[in-house]
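Here is what each chain is made of, one letter per residue.
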Amino acid sequence: MSKQILTASSIITMNPDKPRATAVAIDGDRIVEVGTLEQCQAKLAGATVIDLGDTVLAPGFIEPHSHPLLSGISIMAPAHYIAPWVAPTWDDVVAIFKKALAESPADASLAFFGFDKLLHGVDAPNAATLDPIFGDRLAAVIDNSGHAAYVTTAVLKALGWEENPPENPVGGSYGRNADGGLDGTAEEVSAILAITLPVLGKLGGSPLHQAAEFLALMSRAGITSTSEMTYAKDYEAGYQALFSMPGCPVRISLYHMSTDPTCGDKVDLGIDPSRIRKQGIKLWADGSPWTGNIATSFDYLDTPTVKRAGIPLQTGGSKAMNYTREQLDAILDKYAPLGWQMAFHVNGDIGLDIVLDAYENALVKYSLLGTDHRWRIEHVGAGRGDQFQRAASLGVIASLAPFQFYYWGDLLDGQMFETRIGANWGRFKAAFDAGVRPSFHNDGSVSPPNPLLNMQTAVTRRTSTGKVHGIENAVTLDEALAAHTTNAAYILHRDHEIGSIEVGKYADFTELSADPYEVAPETLASDVAVKGTWSSGVRVDLDAFLGGGAATDGAPHQHLAAKAQEDKCC
Ligand SMILES: [Zn+2]
Ligand SMILES: [Zn+2]
């Protein structure tokens, strides 16, 4: 095993007993000393010393809620990415359409992912608006939320649906013109899958390589560990292949979708469990604030922004839940006794009450109160301080979504909701104060992976335009860093392995170009660059990883391409 000592201008350890150091000694894949060069050399004689120069070394960042496989398939080539952070205006989106048309063979189908009615600020497209751009091409545009898709007339023709429009499938619907014909739009998974099939079916590409590209994107943002919140049995071979590639840059904790029939089963991938292992079970208790299917006690505002996005003004309280309380109880009855950690997606305040009621009932029933269960709540955009306190009293912890506030915050406050709701979207401070050990995430391709930007947002309460909303919800930089290191390791049940630079933990690091404590908080994410990462004592080599991906046969994983459209985020 190799013995190395890294020296840096400063090392942020996230260990409160020794917050700063200048050297770290690594024996094989583990940290054996943290301190000065002299201390490290005394501990590890003969070790190779690597001077990282003016680099500031931090624990490897952890993104505790992601969807790397389906995100890669959705946004990486041959798919085209049109999300608002790539193409801020509809004109930018159309420019990407035209470039894709010009650069592809005339018979190639085209898929575009990431349209957002709220942020692109235009009516959703349909066949009538897409046809003038795409002519007779098979083209599909998929919503950033994953809840809607829009196709050209050529796609409807290929399906034979121009002449014979089908009935709506169970759980989904097709948009229709006044004459009953389809308008080229589809809502919800079953309809989206069916209407996009002619496009996605002949898109080509390799889901495996697309997933590898997404992991590389995460790695470039400083991430060394993440989760897969949409795990299903179908992904098993895909993940085995990813981890057979040379130097997979991240560790992954798997959360099995509660809808997968095997979600109660143990998963043995035959891979070192410190690299990838199953951790828990994921469920979507309510929906997305950008779609309007979240369970809240308050309504949307009657504004042009909300109308254009097709969001119903009344959220309908508990009716917006994807599950009744009885259904949640039944799922918990089935899987809580098996010992799995639960992770429930919930954005609305009423939704959170219902989830906490169900959690409390099951935790009491199965004698889990006071144990180390660490059941999770995800996103929790409208969560209140008293609700976080209740969660903490149950031992329930939270992964929060500063990106919701960063990208949509200007709309949340005053356009979508009253200020009392919108300015307080993402009560980060209340969550820390209550003790739910908040971690932060970017949620796969729902927003670009960027821990530093999440930290900047939580510390400053500034949105993408620089506007400040609800400054009383801001947290300290110590807390924000913890949210992507120690707290994120805790929520993944990996705090004994990663999250801080401490003796005994894996040597996972993120190299930063500057000290986050020495730059202006409002420009943290632009003033501090990620120079590279380390995983298990090895500097991550993305060229080798992606090159290895090219050599791996992606053909057996083609079925995952359809899977990506099936599993939604939020
Ligand atoms: Zn998600
Ligand atoms: Zn979610």
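Since the structure is predicted, the reported quantities are computational estimates derived from the model, not experimental observations.

Got a minute to help me understand the pairing of strand β18 (residues 397-400) in this structure?
Consecutive side chains of a regular strand alternate in pointing toward one face of the sheet and then the other. Neither face of β18 is exposed, since Ile397 and Ser399 on one face and Ala398 and Leu400 on the opposite face are all buried. Summarising the sheet, strand β17 (residues 376-379) and β18 pair through four bridges and their orientation is parallel. Among the inter-strand pairings, His379 is bridged to a residue of β18, identified as Leu400. A crossover links β17 with its parallel partner β18, the connecting element being helix α13 (residues 385-393), and its sense is right-handed. Inspection of the sheet shows β18 paired to strand β19 (residues 439-440) by two bridges, in the parallel sense.

Help me understand the nonpolar core in this model?
Most often, soluble globular proteins have nonpolar side chains that are buried together. Residues Tyr239, Leu242, Tyr359, Trp375 and Ile377 are the most contacted members of the largest nonpolar core, which totals 134 residues. For this core, the leading source of residues is helix α12 (residues 349-365), giving eight residues. Looking at which domains feed residues into this core, each of domain 1 (78-204) and domain 2 (285-475) supplies at least three. Ignoring sequence-local partners within four residues, the contact set of Trp375 consists of Leu332, Ala336, Trp340, Gln341, Met342, Tyr359, Ala362, Leu363, Leu368, Gly395, Val396 and Ile397.

Sorry if this is basic, but what is going on with the domain arrangement of the protein here?
It is common to report an interface's size as the accessible area lost on association of the parts. Domain annotation for the protein reports domain 1 (78-204) and domain 2 (285-475). With 13 residues of domain 1 at the interface, the matching set in domain 2 holds 16 residues. Here domain 1 packs against domain 2, burying approximately 1,200 Å² in sum over the two surfaces, 64% of which is carbon and sulfur. Our count for the domain 1 to domain 2 interface comes out at zero salt bridges. Seen at the junction of domain 1 and domain 2, the total is five residue pairs in polar contact (both at pLDDT 80 or more).

Would you take a moment to explain the packing of aromatic side chains for this structure?
Two measures describe an aromatic ring pair: the distance that separates the ring centres and the angle between the ring planes. What the rule picks out here adds up to 21 aromatic pairs. Between Phe344 and Tyr359, the ring centres sit 4.9 Å apart and the planes meet at 50°, which makes this aromatic pair tilted. One end of the pair, Phe344, is in strand β16 (residues 341-346); the other, Tyr359, is in helix α12, and 15 residues separate them in sequence. Judged by its relative accessible area of 0%, Phe344 is buried. Accessibility expressed as a relative area gives 0% for Tyr359, which makes it buried. Among the aromatic residues, those joined into a ring-pair cluster are Trp90, Phe97, Phe112, Phe115, Phe134 and Tyr150.

Just to check I follow, could you spell out the sheet that holds strand β8 (residues 110-115) for this structure?
Backbone-to-backbone hydrogen bonds pair the strands of a sheet. The strands run either parallel or antiparallel. Ordered by their spatial adjacency, six strands build an open sheet running β7-β8-β9-β10-β12-β11, and the pairing between neighbours is mixed. Since the sheet does not close on itself, it has two edges, and those belong to β7 (80-81) and β11 (173-176), each with one partner. As defined by bridge partners, strand β10 (residues 148-151) adjoins strand β12 (residues 182-187) across three bridges and the pair is classed as antiparallel. Of the residues in β12, the one forming a bridge with Tyr150 is Thr185.

How should I be thinking about the coordination of the zinc ion (ligand 1) in this particular structure?
Tetrahedral coordination by four donors sets the ideal angle at the metal to 109.5 degrees; octahedral coordination by six donors sets it to 90 or 180 degrees. Note on the zinc ion (ligand 1): its protein donors are His65 (NE2), His67 (NE2) and Asp443 (OD). The metal-donor distances range over 2.1 Å. Read N to C, the donor residues that coordinate the zinc ion (ligand 1) are spaced as H-x1-H-x375-D. Accessibility expressed as a relative area gives 0% for His65, which makes it buried. Under the relative-accessibility criterion, Asp443 is labelled buried at 0%.

Parameters and conventions
- Residues numbered from 1 in each chain as written.
- Chains lettered and ligands numbered in written order.
- Predicted model: local features only at pLDDT ≥ 70, side-chain atom pairs only at ≥ 80, totals over all residues.
- Heavy atoms only, no water.
- Buried < 20%, exposed > 50% of the residue type's maximum accessible area, 1.4 Å probe, protein only.
- Helix = DSSP H or I, 4+ residues; strand = E, 2+ residues; numbered from the N terminus.
- Pairing = 2+ DSSP bridges.
- Right-handed = clockwise from strand over helix to strand, strands pointing away.
- Core = buried A, V, L, I, M, F, W, Y, C linked by side-chain atoms within 4.5 Å.
- Domains from an automatic or database assignment.
- Contact = heavy atoms within 4.5 Å.
- Buried area = accessible area lost by both parts, 1.4 Å probe.
- Salt bridge = Lys/Arg side-chain N within 4 Å of Asp/Glu carboxyl O.
- Polar contact = N/O pair within 3.5 Å; in protein donor to acceptor, adjacent residues only side chain to side chain.
- Phe/Tyr/Trp six-rings, centres within 6.5 Å; stacked < 30°, edge-to-face > 60°.
- Donors = N, O, S within 2.8 Å, 3.2 Å for Na, K, Ca; no water.

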